[in-house]
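What the coordinates show
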Amino acid sequence: MSEKCITDFGGPVVMKRVITLILCLLTVILPLASCGGSIDINSEDKGDIFNAYITGDLYAFDPGLDITDEASVKILGLIYEGLFRLDEKGKLVNGLAEKVETTEDPASGEYKMRISLKETKWSDGRALTADDFVYAWKRLMEPTYKSSAASLLYEVKNARTVKAGDASIDDLGVVALDTYLLEITFEGKIDFENFKKNLASLSLVPLREDSVASNSRYWSRRHATLVTNGPLVIKSIDRDENTMRLERNNYYYRDTEEDKLDKFVTPYRILVHFIKEEERPSGQRTYADDLDAIYAEYAAGNILYMGDVPLSNRAELQKQAHVTDANSTYTYMFNTSNALFADARVRRALSMAIDRKAIADILVYADPATGLIANTVFNATSGKSFRDVHGGVLNTAADMDGARALLAEAGVKNGSFAVSYKQNDAEQAVAEYVAGVWSELGFKVELKPLTATVETAVENTEEIDYYIDSVQEAYETGDFDVLAVDVSMLSVDAFPALAAFALEFSGNGIDMSSETYDFISHRTGYNDAGYNEIIERAFAEKDVAKRADILAEAEAYLMNQMPVMPLVFNKDCYLVSKELSGLKSSYLGYRSFSKVSYKNYVYVPEE
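Notes on the structure follow. Source: prediction; values computed, not measured.

Structural notes on the overall build of the chain
The secondary structure content of the chain amounts to 17 helices and 23 strands. Across the 607 residues in the chain, those meeting the buried criterion constitute 55%. Sequence separation of at least 24 residues holds for 69% of the intrachain contacts in the chain that already meet a minimum separation of 6. Carbon and sulfur atoms provide 48% of the accessible area of the chain, an area that totals close to 25,500 Å².

Next comes the structure, spelled out in structure tokens:
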């Protein structure tokens, strides 16, 4: 006990000692009593601190990359913010956009949108400007940059010719007129409201050029050095301890001289625990064991938020879990350059054999996929979902006889191939089911769970570990037979998800090594003239209701060709302790912790 504790109180000596003892004990005990809910005794009070499991470990924080794992949205949505957001019901609300003005002049052919930005700063204190949007969007449109998100911007003037390498990147119709004024010029008449919904996509958030340049290899360094603009920022990643430290972005819309630290973001720190998805020798702990252990910590009150539910607990926790539609579809992609999958009849047969209801039952929180387009996608201006309006284009029940007939028609009796997927208990269970069905058709199926790999590079004499997401790498290189991914809808419009399978809309740019600078097709290698023509018609149609009908035609055509096999519509599920209040969600499937309060947070003032 310190001398200061004894002499700070007046009154009788005995009473003084009793009170002092109690207060000093409380000072020691309270910071430990609420699971990281309070701060260290002699530190500045900066707000609530709590433990959470938001998602499994992530190895890429680049919003421009194709999203192959729905889990990445849950982190990207916390550390980045775009011009607009979608609230829990899908209503468009302003993000960085302060004011929007549009120009529509058919006589002159001038169609423009000017967006005034709110004043805010990056997580290192530098001002965020319109130039940061210009840089991020031009990066997507570079002919050598591969991202299906490029189609979100194809209505912008010169976008397609820039992506094709037929115009300079500086010809793209996006310019910063002033520090906080962004101007977008379009090729012609567009639906401005629909375009603004596209701007709510996480793929179109601003980026700082210097931060991108200093974070190579998917920004997958062992210790994060990212500069971001969302309400929270990654302060550190410790992959030995399987933790990530998220802290309040002190510059988020805040005047640092006038505003309180918690004006816009209440929590000070979220200690994020995740699971290291590594190969384990037989008999050692599995991914499921680790997630069960995290759930046990949640049940004990030591972790206050879980962004997933262990597969073994999903049925019993259906009433407690918050479950909504996710903006993605869990899908198996076929590599069409594989001779076995070159025939669409074989791909359709493999799909026909699958009982999608059985897979949804395995996952508990999922719906059988009736097409590629998820339930969250809107249909034009009706306010209804694309699925409700246009119905399903896939049978959810299995048809083994029909599958065998198609294989016989194609002259295929058997074959061998591998199914690759991210190692976790849910995807493992699905892969085992699918492999069992396909083996009944005569195929030999290898299950190939993918884990992160570590590559070490020397930079400025320092050894740096880079963690590479093996699913993302397989997707980008085409090194797979069948690959399980979450196909992100990118926005609440069906066009971007469907356009990615058309040659000139894939977003993969051009092959600079070819003599004729050929377009690069979708990651599956799929390229069909009939499908390309449908997407061209959809893009040319400016009446959004008519365009929706063309997109429904495109989806039906694609599902007949089956380069990708949708299995289930993903669900976003989470558990949250009653100790937390103020949690909100985005329609795109991530939480907002900005106004979360921790009931048992204890402020311990300085001595």
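Things to note about the packing of aromatic side chains
For any pair of aromatic rings, the description consists of the separation of the ring centres together with the inter-plane angle of the planes. Within the structure shown, the criterion is met by 25 aromatic pairs. Aromatic side chains phenylalanine 334 and phenylalanine 341 sit 5.2 Å apart centroid to centroid with 45° between the ring planes, which places their arrangement in the tilted category. Residue phenylalanine 334 is classed as buried on the basis of its relative accessible area of 0%. Every member of this aromatic cluster is reached through a ring pair, and the members are Tyr330, Tyr332, Phe334, Phe341, Phe417, Trp438 and Phe443.

Section: the environment of lysine 157
Mapped onto the elements of the fold, lysine 157 is located in the loop between α4 (130-141) and α5 (159-163). On a C-alpha basis, the gap between lysine 157 and lysine 112 in space is 9.7 Å, while along the polypeptide they are 45 residues apart.

Topic: the pattern of salt bridges
Scanning the model with the defined rule gives 31 salt bridges in all. Glutamate 504 is the salt-bridge partner of arginine 160, the closest N and O atoms lying 3.1 Å from each other. Residue arginine 160 is located in helix α5, and its partner glutamate 504 is located in the loop between α15 (494-499) and α16 (529-540); the two are separated by 344 residues in the primary sequence. We classify glutamate 504 as partly exposed; its relative accessible area is 36%. Each member of the salt-bridge network shares a partner with another, and the members are Glu110, Lys112, Arg114 and Glu183.

A word on unusual backbone geometry
At tyrosine 253, a residue that is not glycine, the phi angle is positive and equals roughly 55°. Turning to its location among the elements, tyrosine 253 is positioned in the loop between β9 (243-248) and β10 (269-273). Unusually for a residue other than glycine, methionine 562 sits at a positive phi of about 55°. On the secondary structure map, methionine 562 appears in the loop between α17 (544-561) and β19 (564-576).

As for the side chain of aspartate 62
As for its position among the elements, aspartate 62 is in the loop between β1 (49-53) and α3 (71-79). A distance of 2.9 Å separates the side chain of aspartate 62 from the backbone nitrogen of glycine 64, its partner in a polar contact. A polar contact of 3.4 Å, which involves the side chain of aspartate 62, links it to the side chain of tyrosine 145.

Points about the pairing of β1
Regular strands have side chains that alternate between both faces of the sheet. Within β1, five of the five residues are buried, which leaves it mostly tucked inside the rest of the structure. Across the two faces of β1 the burial is the same, with Ile49, Asn51 and Tyr53 and Phe50 and Ala52 all buried. Bridge count between β1 and strand β11 (residues 305-306): two bridges; the pairing is parallel. Of the residues in β11, the one forming a bridge with tyrosine 53 is methionine 306.

Notes on the sheet that holds strand β7 (residues 181-185)
Strands sit in the order β4-β5-β7-β6 across an open sheet of four strands; the sheet is antiparallel. Looking along the sheet, the strands with just one partner apiece sit at the ends: β4 (97-105) and β6 (174-178). Put simply, the sheet's adjacent strands are angled 20° from each other on average, direction ignored. With eight bridges connecting them, β4 and strand β5 (residues 110-117) associate as antiparallel partners. Note that in β5 the partner of alanine 97 across the bridge is leucine 117.

A word on the pairing of strand β12 (residues 322-334)
In terms of strand pairing, β12 meets β19 through nine bridges, oriented antiparallel. Bridging across to β19, methionine 333 finds its partner in valine 564. Pairing analysis gives seven bridges linking β12 to strand β18 (residues 482-488), with the strands arranged antiparallel. Residue pairing for β18: methionine 333 is matched across the bridge by leucine 483.

Looking at α17
With 18 residues, α17 ought to run about 26 Å at 1.5 Å a step, and its terminal C-alpha atoms sit 25 Å apart, in line with that. Count one or two residues on from α17 and you reach methionine 562, which has phi positive near 55°.

Notes on helix α12 (residues 400-410)
All of the buried residues in α12 are Met400, Gly402, Ala403, Leu406, Leu407 and Ala410. Summarising the axial view, the buried residues of α12 lie within an arc of 160°, below the 170-degree limit, and thus occupy one face. Of the residues in α12, the exposed ones pointing more than 90 degrees away from the buried face are Asp401, Ala408 and Glu409. Packing partners of the buried residues in α12 comprise α9 (344-352), α13 (425-440) and β15 (443-450). Positive backbone phi, at 75°, marks glycine 411, one or two positions downstream of α12.

So, the nonpolar core
With 163 residues, the main nonpolar core has Leu83, Trp137, Met141, Leu246, Tyr332 and Trp438 as its most contacted residues. Look past the residues within four positions of tyrosine 332 in its chain and what remains in contact with it is Val419, Val430, Ala431, Val434, Trp438, Val482, Leu483, Ala484, Val564, Met565 and Leu567. Within the second largest apolar cluster, 14 residues are counted, among which are Leu291, Ile294, Tyr295 and Val309.

Scoring rules and cut-offs
Starting afresh in each chain, residues are numbered from 1 along the sequence in its written order. For this predicted model, a pLDDT threshold of at least 70 governs which residues receive local features, and a threshold of 80 or more governs which side-chain atom pairs are given and counted, while totals over whole chains, interfaces and linings are taken from all residues. Only heavy atoms go into the side-chain values, all of them from the structure, while hydrogens and water stay out. Each helix corresponds to a stretch of at least 4 residues labelled H or I by DSSP, and each strand to a stretch of at least 2 residues labelled E; elements are numbered beginning at the N terminus. The buried label applies to any residue whose accessible area, calculated with a 1.4 Å probe on protein chains only, is under 20% of its type's maximum; exposed applies above 50%, and partly exposed to all values in between. In what follows, a contact means two residues having at least one pair of non-hydrogen atoms within 4.5 Å. Accessible areas in this description were obtained via Shrake-Rupley with a 1.4 Å probe; residue shielding takes into account the shown protein chains only. Stacked, edge-to-face and tilted labels apply to pairs of Phe, Tyr and Trp rings (six-membered ring for Trp) whose centres lie within 6.5 Å, assigned for plane angles under 30 degrees, over 60, and everything in between, in that order. Basic side-chain nitrogens of Lys or Arg form a salt bridge, by our definition, when they fall within 4 Å of a carboxyl oxygen of Asp or Glu. Pairs of N or O atoms are called polar contacts if they sit within 3.5 Å, as long as, within protein, a hydrogen donor faces a hydrogen acceptor (for residues adjacent in sequence, only side-chain-to-side-chain pairs). Strands qualify as paired when DSSP identifies two bridges or more between them. The axes are straight lines fitted to the C-alpha atoms, using for helices just the contacting stretch, and the angles between their N-to-C directions are given from 0 to 180°. An expected span of 1.5 Å times one less than the residue number is assigned to each helix. To obtain the arc, one takes the directions from the helix axis to the C-beta atoms. Throughout, nonpolar core names a set of buried Ala, Val, Leu, Ile, Met, Phe, Trp, Tyr and Cys residues whose side chains join them through atoms within 4.5 Å.

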